[in-house]
Every structure is written in structure tokens, then in C-alpha cells.
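Residues per chain, in single letters:
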Amino acid sequence: MAAPDTLYLKIDQNIVVQSTQVHLQDIASMECTNEAVLRQLKQKKIYTFQENDSQKQKKMRIQVFSVLKIIQQIHEDYPDLEVQNLGESDFIIECKSGVVDNKPLEVLKTIVLCVVIFFGAAFTIMTFNNDVAVADVFSQLYEQVIGQESNGITEIEIFYALGMPIGITVFYNHIGKKKVTLDPTPIQVEMRKYEQDIDTTFIENLSREGKSIDVD
């Protein structure tokens, strides 16, 4: 007796689709030795998002799925197919169909955010320098090394002022749209952690409320 075919299934935690009709190939990476089965499953429709006239509802078209539900749907067509899940056990599908990005608003938000971060960072640096008395330390260091009284603007202050933006640039690994090295920036790392925490919390909340799509 021949061994049953095996389907290897990999689904990420968060998937964005552009159509209300969601097919298996839109959310999953799949591999199977049976090419005919693989072609059929890629075209299998697994979910349909409802059309809404409300723009607010359009932006909130999100559904939490359990991979067990996907496996159940696959077995409806191929009951003898062995499915190996290599991805997430629970995941989010977000539908972007019909949502129009407001470019001017996004640009305005970016400008406001940059202004707030700039002045906030400047205020933080100034208060830190005052708390640890950086000016007094520089003045005493200048007098001990040079032997003259500091006038408040010496080589130490100048190099400190130049070294601050250089150090920030090297740390954040970014100059405009270009990266200094190929390593991910600290902001990118923190954003990925933040996205994972948001997805996990969203999945757990909807699962507790019984709003996720799972097997009976």
C-alpha cells in the first residue's frame, strides 16, 4: 500500500491580502510531491470578507484563524492527505481591499512625528547634560589639561557637539533612506518586536472572546 501524500504548510503570523476572496495560496507557502494536489489546493477558497459601506469598518476587516481550521478545509477535499504545519498555529488575515491610503494625511503625521521626536530628543539631551553637570566637567578638564580657564566654548565642547550626531547616526545605522551597514537598525528591531506583541495580543483577545475561526 502506497504511503499517503504529504503537504507541508507554512503560514506567517500576520498576512495582508488585497482581495475579499481569500485563497490558500494568498496566505500560505506550500510544498507537496503531488503536483496535481498542490495546484488544486492553491486555488482553494478558504474565507470571504464581507463588503461594508462604512470606511471605518473597511479599515478593520481583520480575522483570526487557527491552522486547524485550514487543515480541516484541506481534508474536506483530500481526506487522506497528510498535512505538516511548519508555521504559526494561530494567525491574522487582514483585508486591504477598498481601503484608499490618504497620502497627505500620512505625510502630515510623519512631519508632526519628526518635529516631536526632534525637540523631545533635544530636550532630553539638554536635561541630561544639566543633571550630570557636563559643562562643569568640561571646564575642569580643560583647566587641568591646558592650564587655562575655559570660556565655555573650547575644543572639548566643539568635538562633543560633533561627536553627538555622529554617534547617533552610527547607532541608528541610518542616513536618510540609506543604511550605514546591512544590519537591521535598532528601530527596525524594536518595530518587529512591537508588531509581534500586537499580533499575539490581538490573537489571544479574539480567541478568548470566541471570535477566532477554529475547528468545532
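The structure under discussion appears in the preceding block.
Let me begin by describing the structure that accompanies this report. (Residues numbered from 1 in each chain as written. Predicted model: local features only at pLDDT ≥ 70, side-chain atom pairs only at ≥ 80, totals over all residues. Heavy atoms only, no water.)

## So, the sheet that holds strand E6 (residues 62-66)
The strands making up a sheet associate through hydrogen bonds between their backbones, and the pairing can be parallel or antiparallel. With mixed pairing, the three strands of this open sheet are ordered in space as E2-E8-E6. Two strands close off the open sheet at either side, each with one partner strand: strand E2 (14-17) and E6. With strand direction ignored, the average angle separating the axes of adjacent strands in the sheet is 25°. Where E2 meets strand E8 (residues 90-95), four bridges bridge the pair, whose relative direction is parallel. (Pairing = 2+ DSSP bridges. Helix = DSSP H or I, 4+ residues; strand = E, 2+ residues; numbered from the N terminus. Axes fitted to C-alpha atoms, helices over the stretch in contact; angles between N-to-C directions.)

## Some details on the layout of surface pockets
To find leftover empty space, a probe the size of one water molecule is rolled over the atoms. Approximately 720 Å³ is the volume attributed to the largest pocket. Cys114, Ile117, Phe118, Tyr172 and Ile187 are, among the 17 residues lining the largest pocket, the residues nearest its centre. Counting only elements with at least two residues in the lining of the largest pocket, the list comes to helix H5 (103-131) and helix H7 (155-172). In terms of residue count, H5 provides more of the lining of the largest pocket than any other element does, eight residues in total. (1 Å grid on protein atoms, 1.4 Å probe; cavity = no way out; pocket = protein on both sides within 12 Å on 5 of 7 lines; lining within 4 Å. Points joined across faces, edges and corners; volume = space filled by probe spheres on them.)

## Things to note about the nonpolar core
If you look at the biggest cluster of nonpolar residues, it comprises 27 residues, and the most contacted ones within it are Ile11, Leu24, Ile27, Ile70, Phe91 and Ile93. At the level of secondary structure, the elements contributing two or more residues to this core comprise strand E1 (6-11), E2, helix H1 (24-27), strand E4 (28-32), helix H2 (35-42), helix H4 (67-77) and E8. For this core, the element with the highest residue contribution is H4, accounting for four residues. Sequence-distant contacts of phenylalanine 91, that is, excluding residues within four places in its chain, are made with Ile11, Asp12, Gln13, Ile15, Ile27, Gln63, Val64, Phe65, Ser66, Val67, Ile70 and Ile203. (Core = buried A, V, L, I, M, F, W, Y, C linked by side-chain atoms within 4.5 Å. Buried < 20%, exposed > 50% of the residue type's maximum accessible area, 1.4 Å probe, protein only. Contact = heavy atoms within 4.5 Å.)

## Comments concerning the environment of glutamine 40
Assignment of secondary structure puts glutamine 40 in helix H2. Overall, glutamine 40 belongs to the exposed group, its relative accessible area being 52%. C-alpha of glutamine 40 to C-alpha of aspartate 77: the two residues are 37 residues apart in sequence and 9.4 Å apart in space.

## Topic: the packing of aromatic side chains
By the definition in use, this model includes five aromatic pairs. For the pair tyrosine 47 and phenylalanine 65, a centre-to-centre distance of 5.4 Å together with 85° between the ring planes defines the contact as edge-to-face. Linking tyrosine 47 in strand E5 (residues 45-48) with phenylalanine 65 in strand E6, this pair joins segments that are 18 residues apart in sequence. In this structure tyrosine 47 comes out as partly exposed when scored by relative accessible area, which is 22%. (Phe/Tyr/Trp six-rings, centres within 6.5 Å; stacked < 30°, edge-to-face > 60°.)

## Things to note about the packing of helix H6 (residues 134-146) against H7
Contact pair H6 / H7: the axes reach a minimum separation of 9 Å and the direction vectors enclose 130°. Judged by the inter-axis angle, H6 sits oblique to H7. Two secondary-structure elements touch here, H6 through Phe138, Leu141 and Tyr142 and H7 through Glu155, Ile156, Glu157 and Tyr160. (Parallel < 35°, antiparallel > 145°, perpendicular 65-115°, else oblique.)

## Comments concerning H2
Within H2, burial applies to Val37, Leu38 and Leu41. The buried residues of H2 occupy one face: seen down the axis, they fall within an arc of 100°. Exposed residues on H2 whose side chains face more than 90 degrees from its buried face are Arg39 and Gln40. The inward-facing, buried residues of H2 contact E1, H1, E4 and H4. (Arc of directions from axis to C-beta.)

## Here we look at unusual backbone geometry
We note that alanine 133 has phi near 55°; this positive angle belongs to a residue other than glycine. One can find alanine 133 in the loop between H5 and H6.

## Focus on the sheet that holds strand E7 (residues 82-85)
Strand order in this open sheet of three strands is E4-E1-E7, and the pairing throughout is mixed. The open sheet has two free edges, formed respectively by E4 and E7, since each of these has just one partner strand. Each neighbouring strand pair of the sheet contributes to a mean axis angle of 25°, computed without reference to strand direction. In terms of strand pairing, E1 meets E7 through four bridges, oriented parallel. Paired with leucine 9 across the two strands is asparagine 85, which belongs to E7. Its contacts with the sheet put H2 on E1 and E4, and the angle it makes with E4 is roughly 160°. Against the sheet, H4 contacts E1 and E7, and its axis sits at roughly 145° relative to E1.

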